[in-house]
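Fold and geometry: a report
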Amino acid sequence: MDKPSHLSVIIDLSPTQWALCAQSTNPPGISLQTFLSQLLAFLNAHIACKDENTLAVFGALPGQSVLLYSSTGEVTTADNEPTDSNTYRPFKALDATVMNSLAERLESFENAAEEAPIGLVGCLTKSLCYINRVTSGASTPASGGEGSSASVDPRILVMSVSPDQSSTYIPIMNSIFSAQKLKVTIDVCKIFGAENVFLQQAAHLTGGAYVQVGKPDALLQYMMMSFLPPPAIRQLIAVPTQDRVDFRAACFCHKRIVEIGFVCSVCLSIFCQPVPVCSTCRTKFPIKTLQRLNASRPLALPASAPGTPARLPSQRNGVAAPATPRPG
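Residues numbered from 1 in each chain as written. Predicted model: local features only at pLDDT ≥ 70, side-chain atom pairs only at ≥ 80, totals over all residues. Heavy atoms only, no water.

What follows is about the sheet that holds strand β1 (residues 5–12). Strand pairing within a sheet occurs via backbone hydrogen bonds; the two strands may be parallel or antiparallel. Sheet architecture is open: 6 strands sit in the order β3-β2-β1-β4-β5-β6, paired in mixed fashion. Both outer strands of the open sheet, β3 (64–70) and β6 (210–212), are each paired with one neighbouring strand and no more. Within the sheet, the average angular offset between the axes of one strand and its neighbour, ignoring direction, is 15°. By the bridge criterion, 6 bridges tie strand β4 (residues 153–160) to strand β5 (residues 185–190) in an arrangement that is parallel. (Pairing = 2+ DSSP bridges. Helix = DSSP H or I, 4+ residues; strand = E, 2+ residues; numbered from the N terminus. Axes fitted to C-alpha atoms, helices over the stretch in contact; angles between N-to-C directions.)

Regular strands have side chains that alternate between both faces of the sheet. Taken across its 7 residues, β3 has 5 buried, putting it largely inside the fold. Relative to β3, strand β2 (residues 54–61) runs antiparallel, the two being bridged by 6 bridges. The partner of Phe-58 across the bridge, within β3, is Leu-67. Hairpin connection of β2 to β3: 2 residues between the antiparallel strands, including Gly-63 at a positive phi of 80°. (Buried < 20%, exposed > 50% of the residue type's maximum accessible area, 1.4 Å probe, protein only.)

We now examine the pattern of salt bridges. Tallying each qualifying case throughout the model produces 2 salt bridges. In this structure, Asp-187 engages Arg-234 in a salt bridge whose closest nitrogen and oxygen atoms are separated by 2.6 Å. Here Asp-187 is found in strand β5, whereas its partner Arg-234 is found in helix α8 (residues 231–234), with 47 residues between them in sequence. Like Arg-234, Asp-187 is buried. Of the charged contacts in the structure, one is a salt bridge between Glu-259 and Arg-248, with a shortest N-O distance of 3.8 Å. (Salt bridge = Lys/Arg side-chain N within 4 Å of Asp/Glu carboxyl O.)

This paragraph deals with the pairing of β1. By the criterion of burial, β1 is predominantly enclosed, with 8 of the 8 residues buried. Summarising the sheet, β1 and β4 pair through 7 bridges and their orientation is parallel. Its bridge partner being in β4, Leu-7 is matched across the sheet by Arg-155. The pairing of β1 with β2 spans 7 bridges and is parallel. Its bridge partner being in β2, Val-9 is matched across the sheet by Val-57.

With respect to the helices, strands and loops of the structure, Asn-294 is situated in helix α9 (residues 287–296). Sequence separation between Asn-294 and Val-275 is 19 residues; the distance between their C-alpha atoms is 9.8 Å.

This paragraph deals with the environment of Cys-251. Assignment of secondary structure puts Cys-251 in the loop between β7 (249–250) and β8 (257–258). Judged by relative accessible area, Cys-251 falls into the buried class, the value being 2%. A C-alpha to C-alpha distance of 5.0 Å links Cys-251 and Ile-270, two positions 19 residues apart in sequence. Those residues in contact with Cys-251 that lie beyond four places of it in its chain are Arg-256, Val-258, Ile-270, Phe-271 and Cys-272. (Contact = heavy atoms within 4.5 Å.)

Below, the structure written as structure tokens:
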């Protein structure tokens, strides 16, 4: 019997980026209201696929991350609308809870003078904690003695419109490694803007799908065909995959995305230039090594072809090394 599926959806709710997306004509954009109507249809389809499916919706707001909806009833709102016999009650409860929670949160950002970075990292960590709790509860041996068969198939879907935030590189990579250990698939739907380097790596390293939406008007079709099937079924169908993955990392000194970096041989910290002492583990490097690395630095980096992310090596004490560290 197929296992139930848990879906955690992270919604990028940057007011500035959504305003730019709604005004964009080339490429065509989509308004936040239209996006939410299509997203709710997708969420309803997920809970309708199987009665045991669970759902959690997180909002990545400027400077904070909040839980907008949970199948366990942690988030509830007052529903004053009359009961409609032609409406499926779980669908109505989901739609009303998400929309009311969003309205309450977004009202506080209408008159904000400056927008803080979105809380994407907070949403990732909260969703992983939520999944860990759901899977731990589902793996508890039942009365029939079949604890393993009752486990759920967890995944995370990120709906993104914001660009990369180089300052969040380390916590995002930690979240990716945690997702790998929990066997959680991270899917990414990029609705607007340039491709997100860190989310590309998240989808690639966890076996998820990264989809750049070319026609936002058909967003619901993108989500239904690419993200509705759980990971267990994707082995039998054709799911969009990434032809190229941008493996560039962010340096630990200036928080900039670099194509060629220098990696500490002890703690794998990445720097954009050779340093005498590692700022992370305080390891001291020999003067001759620093002189050799400085002499090997290129004078000018060659420009990459448009649409072709480069996967250039880093250097670890003069030896080529991947720019993205791997967990031990």
